[in-house]
Amino acid sequence: MPFTLATWNINSVRLREGLVARLMNEEQPDVLCLQECKSPVDKIPLEQFRSLGYTHFVARGQKGYNGVAIFSKIPMEDAGHRDFVGKGDARHVAARLENGVTVHNFYVPAGGDVPDREVNEKFGHKLDFLTEMRDWFHAERPGKSIMVGDLNIAPREDDVWSHKQLLKVVSHTPIEVEHLGQTQDAGDWVDVTRADIPDGQLYSWWSYRARDWDTSDRGRRLDHIWASGDIANAGHNSRILRPVRGWEQPSDHAPVFASFDL
DNA sequence: ATGGTCGTCACACGA
């Protein structure tokens, strides 16, 4: 049974309820994973999403920060969550679809401005979070799984507008790329987006601070869809919906899509 | 080289 999955950092699900509904209406992903909901779970607007067919829902939330949610038209059960780095942050939730596929939804810490854990504890937190993900995936050996989210790292040279100018900018530093690579290897994860679209610049995030994000096009690919090796071949039709970044009062992230024939 | 913009929550803080 084929299905389509999307991941989107929404930057407040309450402020952008209408944009979420528009994406559901226009694109109809079977499963939609959101990050940065910035809302307690009991204040996430559900009614409109339910009326659009997204009758299944799991989430983790906290007031004002972080927050991850999975909306699905496919029946699914809560597959738990983990408090990486033990700060009580709502940065991970998992669900098991009725077809047996487990979906992990992550929001990796952004890491602050200075890429040095000695002077910026947020950068250390980001690296520690990735290390704990690596060790967990190594122990769990996930099979028949998809892992998505805002990983806040653009690993490849063609995942950023300027490799050279971003080498010392948090999200593209070698130590972050190394940590992300180890996390990917530990779970035998395949980068589905890049398996589908191996060549060329690819971005999912453009800063709010640019005068004209579309023209300057200084983007980064921070949002990812990975699949475990046993189902990675089923992934296809990957795409990033760049026009969504130009919708009214948008998130600074565009949604990333992939379909799976399973 | 610097500052540029958002969202949340009520003062800065995180991104």
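Quick caveat, the model's predicted, so the values are computed rather than measured.

Student: Quick rundown of helix α5 (residues 174-186)? Include the residues and the values.
Tutor: Here α5 spans 18 Å end to end across 13 residues, near enough to the 18 Å set by a 1.5 Å rise per residue. Of the residues making up α5, those classed as buried are Glu176, His179, Leu180, Thr183 and Ala186. Relative to the axis of α5, the buried residues are bounded by an arc of 125° and lie together on one face. Residues Pro174 and Asp185 are exposed on α5 and point more than 90 degrees away from its buried face. Looking at the buried residues of α5, the elements they touch are α3 (121-140), β9 (189-191) and β12 (223-228). A positive phi of about 55° marks aspartate 188, the residue just after α5.

Student: How would you explain the environment of aspartate 89 if you had to name every residue and give the values?
Tutor: For aspartate 89, the location among the structural elements is in the loop between β5 (76-78) and β6 (92-97). Remark: the alpha-carbon pair of aspartate 89 and arginine 60, spanning 29 residues in sequence, is separated by 8.8 Å. Setting aside its immediate chain neighbours within four residues, aspartate 89 contacts Gln62, Asn66, Asp83 and His125. At 3.0 Å, the side chain of aspartate 89 forms a polar contact with the side chain of arginine 91.

Student: Residues and numbers for the pattern of salt bridges, please.
Tutor: For side chains of opposite charge, pairing can occur when their charged atoms come near one another. Per the counting criterion, the structure on display carries 15 salt bridges. The closest approach of N and O atoms between aspartate 158 and arginine 156, which form a salt bridge, is 2.9 Å. Salt-bridge contacts for aspartate 159 lead to arginine 194; the nearest nitrogen and oxygen are separated by 2.9 Å. Of this pair, aspartate 159 sits in the loop between β8 (145-150) and α4 (163-166) while arginine 194 sits in helix α6 (residues 192-196), placing them 35 residues apart in sequence. Residue arginine 194 is classed as buried on the basis of its relative accessible area, which comes to 5%. Beyond isolated ion pairs, a larger network of salt bridges with shared partners links Arg156, Asp158, Asp159, Asp191, Arg194 and Arg221.

Student: Quick rundown of the protein's contact with DNA strand B? Include the residues and the values.
Tutor: As a structural note, the neighbourhood of DNA strand B is formed by 16 residues, with Ser12, Arg16, Lys63, Tyr208 and Arg209 the closest of them. Per the 4 Å cut-off to the protein, sugar and phosphate atoms form 65% of the nearby atoms of DNA strand B. Residue arginine 16 places a side-chain N or O atom 3.0 Å away from a phosphate oxygen belonging to DNA strand B. Class assignment for the residues of the surface near DNA strand B results in five nonpolar, four polar and seven charged.

Conventions adopted
Residue positions are given per chain, counted from 1 along the sequence in the order it is written. Following the order in which they are written, the chains are lettered starting with A and the ligands numbered starting with 1. In keeping with the model being predicted, local features are shown solely for residues with a pLDDT of at least 70 and side-chain atom pairs are shown and tallied solely at 80 or more, while totals for entire chains, interfaces and linings include all residues. Side-chain measures were taken over the full set of non-hydrogen atoms in the model, leaving aside hydrogen atoms and water. The numbering of helices and of strands both runs from the N terminus, where a helix is a DSSP run of H or I of at least 4 residues and a strand a run of E of at least 2. By this rule, a helix spans an expected 1.5 Å times one less than how many residues it contains. To sort residues, take the accessible area from a 1.4 Å probe on protein chains only and compare it with the maximum for the residue type: under 20% means buried, over 50% means exposed, and anything in between is partly exposed. In this description, the arc belongs to the directions extending from the helix axis to the C-beta atoms. In what follows, residue pairs with any heavy atoms lying within 4.5 Å of each other are defined as contacts. N or O atoms within 3.5 Å of each other form a polar contact, as long as, within protein, one can give a hydrogen and the other can take it, and as long as residues adjacent in sequence are counted only when both atoms are side-chain atoms. The term salt bridge refers to a side-chain nitrogen of Lys or Arg lying within 4 Å of a carboxyl oxygen of Asp or Glu. For each residue, the test is whether any non-hydrogen atom lies within 4 Å of the molecule or strand; if one does, the residue is near. Following the grouping adopted for this structure description, the nonpolar residues are Ala, Val, Leu, Ile, Met, Phe, Trp, Tyr, Cys and Pro, the charged ones are Asp, Glu, Lys and Arg, and the polar ones are all others, Gly among them.

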